[in-house]
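Observations on the model geometry
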Amino acid sequence: MNQLLFERSSGGIGPNVFARLQTTQLLNSFRPAPQFRFDGGEKGAAVQDGEAGPVASGPASSIWAHQAGVNALALERFDGRILVSGGLDASIKLWDLEQCGNPSKAYTYKPLATIPRSEQAHKFGITHLSFYPFDPAAFLSASYDQSLKLWSTDTAKLSASFTLGSKVYTHAISPIASHLLVACGTQHPAVRLVDLRSGSNVQSLAGHTGAVLAASWSPRHEHVLATGSVDGTVKIWDIRRAGGVIGMLDQEDSLGLYYNGLLDASGKVRVRASAKAHSAPVNGLTWTDDGGYIISAGHDRRIRVWDAATGRNTLASFGPSIKNSQLASTTIFTSPVGLTHPGKELLFWPNETEILVLDLHDGQVITKLRGTGPTIAGVRSTSGATRTIKNRITSLVWRGAGGGGGSSGIAMGGSNTAGAIYSAHLDGQIRAWMPGLDGDDEEDEGDAVDEISEERAKKRKALDDVFKSLMGKKITFT
């Protein structure tokens, strides 16, 4: 660090290079932050050893964000302050991440507002959450109850509701468009487009043959949408066109449209009907902030990176450690463009019981974030009912500020942290992950040295007491 500061002060490196070196170091140093907890106020106790096992004691074992399990998260990208969580119990909670004045000390967050299950709100578990792209004053929620709802962030009141007629797995709204269309992936194979302005379902994009589990708008072209389905296909749509589909990603295509002959001289694209992005359901889909690459994930335990301009499979290999088996939308994201050097972007992947930080282009594992709680989680409510569930990560969000346009927030963290990731878990917890800062290790080492010294002093005192007790006694030999 001192060498970098010297190089910067002497003009050896420019400000942009210096900033990227620092943010890259922070991105590579994420670790668990168990000192931050989220308490939704529900009563009960954790079961340690299953239904017949003992109940853990202490306040830490009786804190949940959503006792029934957290299924979705959304974090606004403008100030990096308001976090929204959705539970399997159909409740929604809003959290202010700046409640914590001193991030170096442990803190338990309390919800700003709670939207409970009701006839007006959602009736079944929340599947997906997202903020309005131009203002954190509104957010969207989707649920297994076949509805999409728009809420006011300030009042936690319902602004609009849309019934789609099928289970809603995911939804997406363009970060740059002015059309305010929400693409909804449902149990029905057609992608539904909901217009927030008119309050109607204005269009259906037909082409998939199975449920749509993933959807993501291009951050560069406002009318371009990518969707992934149970049928293993990823389709690229231009919503202005009557036919809709303008391309399909093909796992066997490593050349791109121009070189494989699918792009003729007039610029018209031919699509192979048999093209598949994955050999199993596709449930994860995102773009890099600059729109240069599309990332897809499927139940074939593969993550693929595609050149967005040509549809070329870059053949990035992420190895055999990828886990993906849930028939639900999976949240994945890349590091915002500008935080790393070009070509060195990172991918954050929820690997069921751990978070993998991966190099986007060569698939190398940079960090494995572990400490996501028990494999089997149990809860005993105040009524005496016990619930056990296989714990896994259900959602990930990036905490960044200064987001706008296609950017998800180029400034790491909010006003009180140097960066953060938050993860949702089926054991009812929201867990925080933060980068290690210079000085943290030294402080930890100092604390460890103090503990060792105290332990040695105790042992020395015990030996002295034994010695004195023996020497103080009169011993008689007969």
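Relevant structure appears above.
Structural notes, computed from the coordinates. Since the structure is predicted, the reported quantities are computational estimates derived from the model, not experimental observations.

Some words on the pairing of strand 32 (residues 420-425)
Here strand 32 lies mainly inside the structure; six of its six residues are buried. Of the two faces of strand 32, the one holding Ala420, Tyr422 and Ala424 and the one holding Ile421, Ser423 and His425 are both buried throughout. Two elements, strand 30 (residues 393-401) and strand 32, share six bridges in a ladder whose sense is antiparallel. Residue pairing for strand 32: Ile393 is matched across the bridge by His425.

Points about the packing of aromatic side chains
Scanning the model with the defined rule gives 13 aromatic pairs in all. For the ring pair Phe36 and Tyr109, a centre distance of 6.4 Å and an interplane angle of 40 degrees mean the geometry is tilted. Linking Phe36 in strand 2 (residues 36-38) with Tyr109 in strand 7 (residues 107-109), this pair joins segments that are 73 residues apart in sequence. Pair check on accessibility: Phe36 and Tyr109 agree, each one buried. Where Phe38 meets Trp95, the ring centres are 5.2 Å apart and the plane angle is 85 degrees; that geometry is what we call edge-to-face. Separated by 57 residues along the polypeptide, Phe38 in strand 2 and Trp95 in strand 6 (residues 92-96) bring together distant segments of the chain. Residue Phe38 shares its accessibility class with Trp95, and that shared class is buried. Taken together through their ring pairs, the aromatic side chains of Phe36, Phe38, Trp95, Tyr107, Tyr109 and Tyr422 make up a single cluster.

Notes on the pairing of strand 23 (residues 302-307)
Within strand 23, five of the six residues are buried, leaving the element largely enclosed by the surrounding structure. Relative to strand 23, strand 22 (residues 293-298) runs antiparallel, the two being bridged by six bridges. Paired with Tyr293 across the two strands is Asp307, which belongs to strand 23. Between the antiparallel neighbours strand 22 and strand 23 lie three residues, among them Arg301 with a positive phi of about 60 degrees.

What to know about helix 2 (residues 15-27)
In this model helix 2 runs 18 Å from its N-terminal to its C-terminal C-alpha over 13 residues, within 8% of the 18 Å that 1.5 Å per residue would give. Looking only at helix 2, the buried set comprises Phe18, Gln22, Thr23, Leu26 and Leu27.

With respect to the sheet that holds strand 12 (residues 158-163)
Spatially, 9-10-11-12 is the arrangement adopted by the four strands of the open sheet, whose pairing is antiparallel. For this open sheet the edge positions go to strand 9 (126-131) and strand 12, each flanked by a neighbour on one side alone. Recorded for the sheet is a direction-independent mean angle of 15 degrees between the axes of neighbouring strands. Bridge analysis of strand 11 (residues 147-152) against strand 12 gives five bridges, and the strand direction is antiparallel. Within the sheet, the bridge partner assigned to Ser147 lies in strand 12 and is Thr163.

Observations concerning the sheet that holds strand 13 (residues 168-173)
Taken together, four strands build an open sheet; the order of strands is 13-14-15-16 and the sheet is antiparallel. The open sheet has two edge strands, strand 13 and strand 16 (200-205), and neither has a second partner. The sheet shows a mean angle of 25 degrees between the axes of neighbouring strands, taken without regard to direction.

Structural notes on the nonpolar core
Counting residues in hydrophobic clusters, the biggest one holds 19 residues, and the most contacted among them are Phe38, Leu73, Leu83, Tyr422 and Ile430. Contributions of two or more residues to this core are made by strand 2, strand 4 (70-75), strand 32 and strand 33 (430-435). In this structure Tyr422 touches Phe38, Leu73, Leu75, Leu97, Ser395, Leu396, Val397, Arg399, Ile430, Arg431, Ala432 and Met434, once residues within four positions along its chain are discounted. Residues Phe333, Leu396, Met412 and Ile421 belong to the second largest nonpolar core, which totals 16 residues.

Description of the environment of Ala297
Mapped onto the secondary structure, Ala297 falls in strand 22. With a relative accessible area of 0%, Ala297 lands in the buried category. Sequence spacing of Ala297 and Gly228 is 69 residues, and the spatial spacing of their C-alpha atoms is 9.0 Å.

A few points about the environment of Ser85
Assignment of secondary structure puts Ser85 in strand 5 (residues 82-87). Given a relative accessible area of 0%, Ser85 falls into the buried group. For the pair Ser85 and Trp95, spaced 10 residues apart in sequence, the C-alpha separation works out to 8.1 Å. Among residues more than four places away in sequence, those in contact with Ser85 are His66, Val70, Ala72, Leu73, Ser91, Ile92, Lys93, Trp95, Leu129 and Ile430. Side-chain polar atoms of Ser85 contact the side chain of Trp95, separated by 2.9 Å.

Rules behind the numbers
- Residues numbered from 1 in each chain as written.
- Predicted model: local features only at pLDDT ≥ 70, side-chain atom pairs only at ≥ 80, totals over all residues.
- Heavy atoms only, no water.
- Buried < 20%, exposed > 50% of the residue type's maximum accessible area, 1.4 Å probe, protein only.
- Helix = DSSP H or I, 4+ residues; strand = E, 2+ residues; numbered from the N terminus.
- Pairing = 2+ DSSP bridges.
- Phe/Tyr/Trp six-rings, centres within 6.5 Å; stacked < 30°, edge-to-face > 60°.
- Expected span 1.5 Å × (residues − 1).
- Axes fitted to C-alpha atoms, helices over the stretch in contact; angles between N-to-C directions.
- Core = buried A, V, L, I, M, F, W, Y, C linked by side-chain atoms within 4.5 Å.
- Contact = heavy atoms within 4.5 Å.
- Polar contact = N/O pair within 3.5 Å; in protein donor to acceptor, adjacent residues only side chain to side chain.

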